[in-house]
Amino acid sequence: MARSKGNPEIDRVFKLIKEHGVKIVDLKFTDMLGQWQHVSVTVGEFDPDHFEDGHGFDGSSIRGFRRIHESDMLLYPDPSTAFIDPFTAVPTLSVTCDIADPITKEPYSRDARYIAEKAEKYLRSSGIADTAYFGPEPEFFIFDNIRFDQASNFGFYFIDSEEGIWNSGSDARPNLGHRIRHKEGYFPVAPLDTLQDLRTEMVLTMQQVGIEVEVHHHEVATAGQTEIDMKRTTLVKMADNYQKYKYVTKNVARRHGKTVTFMPKPLYGDNGSGMHVHQSLWKAGKPLFGGSSYAGLSEMAMYYIGGILKHAPALCAITNPSTNSYKRLVPGYEAPVNLAYSQRNRSASVRIPMYSSNPKSKRIEFRCPDPLCNPYLGFSALLMAGLDGIINKIDPGKPLDKDIYEMTPEQLRDVPSTPGSLDEALQALEKDHDFLLRGDVFTQDVVETWLDYKRTREVKPMALRPHPFEFMMYYDA
């Protein structure tokens, strides 16, 4: 990112500040787990020197960052990311930042955005391609109310939605029916779909902050499951857009007294939320994934698939990063449990969309990831796995052009599957991560920090707690 004064993007920032009467500049950055963090400065304190000198903050309080004795860090705003925040009462300019060490001024190795920038740089240096396009399809739930708590002597959650099938027997007056049954939420019109206007407001707000949107609709599950698809773009830009996407959806919902969750599996007995990720490589403005191989793909694309499938168990530790993720990755709920590829077949973990034969439309879709994925880390890891497949000419094997959900256990015996838990995925990543270290994109420190954090803060605490359903099964035994 160019930080020098006189940069046209920096000039644009101060033009926005003047045109919109901005009073506050909000500096945003992403922690290692993928959550946006921010610190705000008054417009009087924000000048072009911020792009040159950075803004100091305490990194010891951010998940996965510095220890207390080395806490000072710098935020460097990227002027190309600036937009006017649509949710603040006071005119506020939002800008995404990179993170650096205050002494060396070098980029911080655990900054997820920096990792994504290095992944793009590595792609260019490889000579294979100069551009990687990503098009994620995040799904999420919009609920009307959520209650949850956890202590030493209790633990519970309670979800409610006016669309939920469990409200069909409600004694509320009036009860007008029209509830979405489990697994029947895909594309019904109003009055079953109550969220058309809310989704449209989300889309229009996304466009307002610079995200190009293609489509929105109700998803398969009951109770407000939603999908809004962004138009593909380059890796870092798409990761930036995804952070804005989550910010917009959550705040539009809150404005209407509703709540959004990106948890992959909040509801028992219904489909969870995935984030299918479309990917393609280009060079000098020309697509590289179209060809004469299977499903109209090039040999390069086939090798890319080979890399994704080979490293999929390790990838899941990054693209499916929660204990809840593996409650979605189970048979019977349209989740891609089996590691295979196919044209059109949505039950395969890698799908080749067949909407068009145009080489510019040729891409591969990895269906395992879920929306809790840190987009900078997830997209970078997928690119590194695909490039490893190309470099080592990894054969993806034969396609599986069958409905995997209808196949017998004997037929699936030789088809590998995704990890059954976050712990299993972390074990896979621990054994298989050399492909991430190429070009110093990921570092050994980043991998080890990720493994330690996930095991210490998520896997072990979850394993130690009684589950409410255990009381149903065992209390009177």
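Located above this text is the structure these notes cover.
As a starting point, this report considers the structure included with it. (Residues numbered from 1 in each chain as written. Predicted model: local features only at pLDDT ≥ 70, side-chain atom pairs only at ≥ 80, totals over all residues. Heavy atoms only, no water.)

**Thoughts on the overall build of the protein**
Next, step 1: Looking only at helices and strands, the protein features 12 helices and 18 strands.
Next, step 2: The C-alpha atoms of the protein give a radius of gyration of 23 Å, which matches the 23 Å a tight globule of 477 residues would have.
Next, step 3: When the backbone C-alpha atoms are referred to their principal axes, the protein occupies close to 65 × 60 × 45 Å.
Next, step 4: Across the 477 residues of the protein, 53% fall into the buried class.
Next, step 5: Here the protein has roughly 22000 Å² of accessible surface; of this, 51% comes from carbon and sulfur atoms.
Next, step 6: Side chains of the protein carry 55 positive and 64 negative charges; the gap between the two charge centres is 3 Å. (Helix = DSSP H or I, 4+ residues; strand = E, 2+ residues; numbered from the N terminus. Rg over C-alpha atoms; globule rule 2.2 N^0.38 Å. Buried < 20%, exposed > 50% of the residue type's maximum accessible area, 1.4 Å probe, protein only. Areas by Shrake-Rupley, 256 points an atom, 1.4 Å probe, with all protein chains shown as cover. Lys, Arg positive; Asp, Glu negative; His and termini not counted. Charge placed at Lys NZ, Arg CZ, Asp CG, Glu CD.)

**As for the state of the cysteines**
Next, step 1: Taken as a whole and judged by the stated rule, the model has 0 disulfides.
Next, step 2: No disulfide involves Cys-368; its sulfur sits 4.9 Å from that of Cys-316, the nearest cysteine.
Next, step 3: Among the residues examined, Cys-368 registers a relative accessible area of 0% and is labelled buried. (Disulfide = S-S within 2.5 Å.)

**Thoughts on the packing of helix H6 (residues 299-319) against helix H8 (residues 375-391)**
Next, step 1: Interaxial distance between H6 and H8 falls to 6 Å at its minimum, and their mutual angle equals 140 degrees. Judged on the interaxial angle alone, H8 and H6 are oblique. Crossing geometry of H6 relative to H8 is assigned as right-handed. The residues of H8 that touch H6, namely those facing Met-300, Tyr-303, Tyr-304, Gly-307, Ile-308, His-311, Leu-315, Ile-318 and Thr-319, are Leu-377, Gly-378, Ala-381, Leu-382, Leu-383, Ala-385, Gly-386, Leu-387, Asp-388, Gly-389 and Ile-390.
Next, step 2: Residues belonging to the contact of H6 with H8 are distributed by class as follows: 13 nonpolar, 6 polar and 1 charged. (Axes fitted to C-alpha atoms, helices over the stretch in contact; angles between N-to-C directions. Parallel < 35°, antiparallel > 145°, perpendicular 65-115°, else oblique. Left-handed = near helix turned anticlockwise from the far one by under 90°. Contact = heavy atoms within 4.5 Å. Nonpolar A, V, L, I, M, F, W, Y, C, P; charged D, E, K, R; others polar.)

**Regarding helix H11 (residues 444-464)**
Next, step 1: In this model H11 runs 29 Å from its N-terminal to its C-terminal C-alpha over 21 residues, within 8% of the 30 Å that 1.5 Å per residue would give.
Next, step 2: Arg-455 marks the point of greatest bend in H11, at about 40 degrees.
Next, step 3: For H11, the full list of buried residues reads Val-446, Val-447, Thr-449, Trp-450, Leu-451, Tyr-453, Lys-454, Glu-458 and Val-459.
Next, step 4: Residues of H11 that are buried make contact with helix H3 (112-126), H6, H8, helix H9 (422-431) and helix H10 (434-437). (Expected span 1.5 Å × (residues − 1). Bend = angle between axes of the 7 residues up to and from the residue.)

**So, H8**
Next, step 1: Between the first and last C-alpha of H8 there are 24 Å, a value that for 17 residues agrees with the 24 Å anticipated at 1.5 Å per step.
Next, step 2: Of all 17 residues in H8, 16 are buried; the element is thus mostly enclosed.
Next, step 3: If you check the start of H8, you find a side-chain oxygen 3.1 Å away from the backbone N of Tyr-376, and it comes from Asn-374.
Next, step 4: Following H8 by one or two positions, Lys-393 adopts a phi angle in the positive range, close to 50 degrees. (Polar contact = N/O pair within 3.5 Å; in protein donor to acceptor, adjacent residues only side chain to side chain.)

**What to know about the environment of Ile-391**
Next, step 1: Checked against the element boundaries, Ile-391 lands in helix H8.
Next, step 2: Residue classification places Ile-391 among the partly exposed positions, given a relative accessible area of 37%.
Next, step 3: Taking the C-alpha atoms as reference points, Ile-391 and Ile-211, 180 residues apart in sequence, are found 33 Å from one another.
Next, step 4: Discounting chain neighbours no more than four positions away, the residues touching Ile-391 are Tyr-122, Ile-128 and Arg-438.

**Topic: the packing of aromatic side chains**
Next, step 1: In total, this model carries 21 aromatic pairs according to the counting rule given.
Next, step 2: When the ring of Phe-134 is compared with that of Phe-379, the centres are 5.2 Å apart and the planes differ by 20 degrees; the resulting orientation is stacked. Of this pair, Phe-134 sits in strand E7 (residues 131-143) while Phe-379 sits in helix H8; the two residues are 245 residues apart in sequence, bridging distant segments of the chain.
Next, step 3: What makes Phe-134 buried here is its relative accessible area of 0%.
Next, step 4: The ring of Tyr-247 carries the charged tip of Lys-28 above its face, separated from the ring centre by 4.9 Å.
Next, step 5: Taking NZ or CZ as reference, Arg-232 lies 4.5 Å from the ring centre of Tyr-133, over its face. (Phe/Tyr/Trp six-rings, centres within 6.5 Å; stacked < 30°, edge-to-face > 60°. Lys NZ or Arg CZ within 6 Å of the ring centre and 35° of its normal.)

**What to know about the pattern of salt bridges**
Next, step 1: Taken as a whole, this structure holds 20 salt bridges when the rule is applied.
Next, step 2: The residue Glu-201 makes a salt bridge to Arg-255 at a minimum N-O spacing of 2.7 Å. Of this pair, Glu-201 sits in helix H4 (residues 196-208) while Arg-255 sits in helix H5 (residues 235-255), placing them 54 residues apart in sequence.
Next, step 3: You can call Glu-201 partly exposed: its relative accessible area is 23%. (Salt bridge = Lys/Arg side-chain N within 4 Å of Asp/Glu carboxyl O.)

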